[in-house]
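Chain residues, written in single-letter form:
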Amino acid sequence: MTTPSRERLPVLPPLPACAEVDLGAVVANWRRLKDEAPGAETAAVLKAGGYGLGAAPVAKALRRAGCRTFYVARVEEGLALRADLGPTPAILVLEGALRGAEDMAAKDIVPVLNQPLDLEVWSALARKLGRRLPAVLHLDTGMSRLGFSAAGFARVDRDDAAAVDLRGLLSHLVAAEGDAERSRRQRRDLMAAGALLPGVPLSLANSSGMFLGQDFHLALCRPGIALFGGNPTPGRPNPMRPVLRLTAPVLQVRRLDGPASVGYGATHAAPAGSLIATVGIGYADGYLRCLGGRSVARIDGVEVPVVGRVSMDLITVDATALDAGRVRPGVRAELVWGDDGVDRLAEAAGTIAYEVLTRLGPRIERRYLEGDSRP
Ligand SMILES: *Cc1c(COP(=O)(O)O)cnc(C)c1O
């Protein structure tokens, strides 16, 4: 009798849940958007850590491809990006100048001024520093969120305005992917305000807005989600390349020898003989809890339903369509793959691609596929 070998582990230790980010596809998407708006500058919106996929690697790839302007939401995001990118590219902070104004001035970060109070803070700092500080003004044309109201814009303090170096006037579309009439009204209002600031570059289009026609491109476009493969033209074929592939390891496989419930709350009843695979991703990773019973994964090229509730760290899939040899611990399950993968998962969750991407948690390892990024 020989003792069982202890030298060889039965399986390779599984890698954790992993977001593969195709930087070549991000760059291809940026170029595709640039081609859509040949007369305008195409910037990149990288708020929330580059829509959850990593602001620094994405920004570096885009800068190599020729992108010169980056938008983020928060001061901290702007400062981090400045440290990563060095002094040249323009970095704009969408949330205004109320927080971190001194830091922004020191690092040549341009705040988007959203209200008279932002202008007050920024112009006071300019006077204190004895130089005009760059800024972009945000006019609200229908969001009722951030931005100067029409009345606030009309009452802008002359002295405050003279203390800043106005680099642009922007507004943000309410329903770029649907309500064309509303978008046209917003454009008209932005143009009217812009006429009072001759020579100041105007900006209106987000990803979807870029597909509303040349009239919407103005001086500068601000795409975000389309860079990451989200469809900017819902209902029509997606012109963008997929960027994210999300995978997680199968941790355990069970062949049910009798009928059994699966997961918390016993919401799923599986018949005898079902092959249930448990996969190492859960709602704490951003695989939304509402996806239980509503989404599919893919193992070895075969789509399998996600069954039972999504747990904090785990999901369960019914892999009966596969034979047991093809699904075993260590095998990778794909949660997002292929064209429109993010949009499909978002739809299953009753949300939008933006939320799926930005919820991807810190436990998910980001891996970057370096692609062609020549200018
Ligand atoms: C997020 C954002 C964008 C980018 O929008 P997408 O729909 O992701 O292209 C552009 N402008 C502003 C002001 C934003 O907040």
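Anything mentioned here points back to the structure above.
Conventions adopted
Residues numbered from 1 in each chain as written. Predicted model: local features only at pLDDT ≥ 70, side-chain atom pairs only at ≥ 80, totals over all residues. Heavy atoms only, no water. Helix = DSSP H or I, 4+ residues; strand = E, 2+ residues; numbered from the N terminus. Buried < 20%, exposed > 50% of the residue type's maximum accessible area, 1.4 Å probe, protein only. Salt bridge = Lys/Arg side-chain N within 4 Å of Asp/Glu carboxyl O. Contact = heavy atoms within 4.5 Å. Core = buried A, V, L, I, M, F, W, Y, C linked by side-chain atoms within 4.5 Å. Axes fitted to C-alpha atoms, helices over the stretch in contact; angles between N-to-C directions. Parallel < 35°, antiparallel > 145°, perpendicular 65-115°, else oblique. Left-handed = near helix turned anticlockwise from the far one by under 90°. Nonpolar A, V, L, I, M, F, W, Y, C, P; charged D, E, K, R; others polar. 1 Å grid on protein atoms, 1.4 Å probe; cavity = no way out; pocket = protein on both sides within 12 Å on 5 of 7 lines; lining within 4 Å. Points joined across faces, edges and corners; volume = space filled by probe spheres on them. Domains from an automatic or database assignment. Near = heavy atom within 4 Å. Polar contact = N/O pair within 3.5 Å; in protein donor to acceptor, adjacent residues only side chain to side chain. Areas by Shrake-Rupley, 256 points an atom, 1.4 Å probe, with all protein chains shown as cover. Sits in = over half its atoms within 2 Å of the grid points.

So what about unusual backbone geometry? Which residues, and what values?
Excluding glycine, residues mostly carry a negative phi; peptide bonds, for their part, are mostly trans. Positive phi, normally seen in glycine, also occurs at S144, with a value near 50°. Phi angles above zero are rare outside glycine, and A266 is one such case at about 50°. Position of A266 relative to the elements: it lies in the loop between strand 12 (260–262) and strand 13 (268–270). Here A266 falls in the partly exposed class, since its relative accessible area comes to 45%.

Residues and numbers for the pattern of salt bridges, please.
By the definition in use, this model includes 20 salt bridges. The salt bridge involving E41 is made with R68; its shortest N-O contact spans 3.5 Å. You can see E41 sitting in strand 2 (residues 41–42) and its partner R68 sitting in the loop between helix 3 (55–65) and strand 4 (69–72), a full 27 residues away along the chain. E334 is paired through a salt bridge with R298; the nearest N and O atoms lie 2.8 Å apart. Residue E334 is found in strand 18 (residues 332–336), and its partner R298 is found in strand 15 (residues 296–299); the two are separated by 36 residues along the sequence. Members of the salt-bridge network, linked through shared partners, are E20, R245, R298 and E334.

So what's going on with the environment of I91? Which residues, and what values?
Tracing the chain through its elements places I91 in strand 5 (residues 90–93). C-alpha of I91 to C-alpha of Y71: the two residues are 20 residues apart in sequence and 5.8 Å apart in space. When neighbours within four sequence positions are excluded, I91 is seen to be in contact with F70, V72, G78, L81, R82, I109 and V110.

Describe the nonpolar core, with residues and values.
General note: in soluble globular proteins, nonpolar side chains tend to be found buried as a group. Formed by 111 residues in total, the largest nonpolar core has its most connected members in L62, W122 and I281. Setting aside chain neighbours within four positions, we find I281 in contact with A17, L246, A248, Y287, D313, L314, I315, L335 and I364. Core analysis: the next-biggest nonpolar cluster, separate from the first, contains five residues, L256, V262, A270 and V307 among them.

Outline the packing of helix 1 (residues 23–36) against helix 3, supporting the account with residue identities and numerical values.
Running from N to C, helix 1 and helix 3 point in directions that differ by 50°, and their axes come no closer than 9 Å. By the criterion of interaxial angle, the relationship of helix 1 to helix 3 is oblique. As helix 1 runs across helix 3, the sense of the crossing is right-handed. Across the interface between the two elements, L23, V26, V27, W30 and R31 from helix 1 touch P57, V58, A61, L62 and A65 from helix 3. When its residues are assigned to classes, the contact of helix 1 with helix 3 shows nine nonpolar, no polar and one charged.

Go over the layout of surface pockets with me, naming the residues and quoting the values.
As a volume, the largest pocket reaches approximately 920 Å³. Counting residues per element, the ones that place at least two in the lining of the largest pocket are helix 2 (47–51), helix 10 (341–349) and helix 11 (353–358). The greatest single-element share of the lining of the largest pocket, amounting to four residues, is contributed by helix 10. Partitioning the lining of the largest pocket into residue classes produces 18 nonpolar, nine polar and ten charged. Split by domain, the lining of the largest pocket shows at least three residues from each of two domains, domain 1 (23–228) and domain 2 (242–369). In terms of lining, the second largest pocket is formed by 15 residues, of which the most central are F153, V156, A161, L196 and L197. Secondary structure elements with two or more residues in the lining of the second largest pocket: helix 7 (150–154), helix 8 (158–163) and strand 8 (164–170). Per-element accounting of the lining of the second largest pocket gives the leading share, three residues, to strand 8. Along the lines of polarity and charge, the residues of the lining of the second largest pocket split into twelve nonpolar, no polar and three charged.

Pulling in residues and values, what's your account of the site of the ligand?
Around the ligand, the structure places V45, K47, Y51, L94, H172, N206, S207, R222, P223, G224, I225 and Y354. Measuring from a nitrogen atom of the ligand, one finds a side-chain N or O atom of H172 at 3.4 Å. One of the side-chain nitrogen or oxygen atoms of N206 is found 3.0 Å away from an oxygen atom of the ligand. Against a free-state accessible area of 390 Å², the protein chains account for coverage of 93% of the ligand. Put simply, the ligand lies in the largest pocket. Partitioning the shell around the ligand into residue classes produces six nonpolar, four polar and two charged.

Worth remembering: the numbers are spatial, not functional.
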